[in-house]
Amino acid sequence: MKNITVIGAGTMGNGIAHTFAQFGYKVNLVDLSQESLERGIATITKNLDRMLAKEKISEYDKTSTLNNITTYTQLEEGAKTADLVVEAASENENIKLDIFKTLDKVCPENCILSTNTSSIPITKIAAVTQRPDRVIGMHFMNPVPIMKLVEIIRGYNTSNETNDKVVAMAKNLKKVPTEVNDYPGFVANRILMPMINEAIETLYTGVAGVEEIDTVMKLGMAHPMGPLQLADFIGLDVCLSILEVMYDGFKNPKYAPCPLLVNMVRAGKMGVKSGEGFYDYSESKKAEIVSSQFTN
């Protein structure tokens, strides 16, 4: 498998494209918006320049990585020669199902269709295709070029051959593929999101402030980033979406999103990407100024 199509040029998509291209794969990066594609390539270039400055790659590596990426605004054109597709569009079930219906029609018969979804069941996505044996989850971690983990999620009908090929592919990218079963949230988010939700609940009920909660988890539990800052980094809308998928899938109240999280997303406070979440990012991408607008 040498021809890779990545769907979505956002934070995860451009990171996935960067990683495949850096390891010699030919990558078609697809997004509906030309502007999004340009931002994605600019981000990849910036990240490569950072790696170059740290002497982790050479100028040749940077040039060859960028030359390995071709951009498209038409899904049909970008996916028609793919050996593997990695879908990294918005964490929206209807959007993903529509994309996979189209991919099933336009991709070569033996192409493997994978999704970077962080919570939506692989079996449900595979069911809208005529190739459920060749549909699988590849859940990369952000930032993709740096983080080693890839959750490999088998749907109910995913074949052993598909699983083995994708595991080998992840190893070729110098990642650590970890196989998990297809249940809402998989492993990473099934554990992470309730922790983040409980941190928000702790803030919501007035037990402690933003900085205090994050300090306890960083210094007391040796987490590199506090749960509220991490939520901002992930995107509060993404956190809410994952919790809603888990709550719907398990019908267990422990996954019910905290009302504070719901209100913040409704108000457009998405974290780093919107400039404000639990922290204020209007002056810097670093969480330097704490917002104080939290009441129940």
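Conventions adopted
- Residues numbered from 1 in each chain as written.
- Predicted model: local features only at pLDDT ≥ 70, side-chain atom pairs only at ≥ 80, totals over all residues.
- Heavy atoms only, no water.
- Helix = DSSP H or I, 4+ residues; strand = E, 2+ residues; numbered from the N terminus.
- Polar contact = N/O pair within 3.5 Å; in protein donor to acceptor, adjacent residues only side chain to side chain.
- Patch = residues over 30% accessible without salt bridge, like charges linked within 9 Å, V, L, I, M, F, W, Y side chains within 5 Å.
- Areas by Shrake-Rupley, 256 points an atom, 1.4 Å probe, with all protein chains shown as cover.
- Salt bridge = Lys/Arg side-chain N within 4 Å of Asp/Glu carboxyl O.
- Lys, Arg positive; Asp, Glu negative; His and termini not counted.
- Charge placed at Lys NZ, Arg CZ, Asp CG, Glu CD.
- UniProt positions renumbered as here; feature names shortened; annotations may be inferred.
- Contact = heavy atoms within 4.5 Å.
- Disulfide = S-S within 2.5 Å.

Another point: the side chain of Asp182. By the element assignment, Asp182 lies in the loop between β8 (176-181) and α8 (188-204). Of the polar contacts made by the side chain of Asp182, one reaches the backbone nitrogen of Ile122; its length is 3.0 Å. Among the polar contacts made by the side chain of Asp182, one reaches the side chain of Thr123 at a distance of 2.7 Å.

Quick look at a positive patch on the surface now. On the surface, a cluster of positive charge is contributed by Lys46, Arg50, Lys54, Lys56 and Lys285. Mapped onto the secondary structure, Lys56 falls in the loop between α2 (34-53) and α3 (59-67).

What UniProt calls "binding site: NAD(+)" (unreviewed entry) maps, in this numbering, to Gly8, Ala9, Gly10, Thr11, Met12, Gly13, Asp31, Glu91, Lys96, Ser118, Asn142 and Lys273. Inspection of the secondary structure assignment puts Met12 in helix α1 (residues 11-22). With near-sequence residues (within four places) excluded, Met12 lies in contact with Asn116, Phe140, Met141, Asn142 and Val144. Here Asp31 lies in the loop between β2 (26-30) and α2. Setting aside residues up to four positions removed in sequence, Asp31 forms contacts with Gly8, Ala9, Ser36, Leu37, Tyr72 and Thr73. Of note is the side chain of Asp31, whose polar atom sits 2.9 Å from the backbone nitrogen of Ala9.

The next subject is the state of the cysteines. If you walk through the whole model with that rule in mind, you get 0 disulfides. Here Cys239 stays unpaired: no disulfide links it, and the sulfur of Cys258, its closest cysteine neighbor, is 12 Å away.

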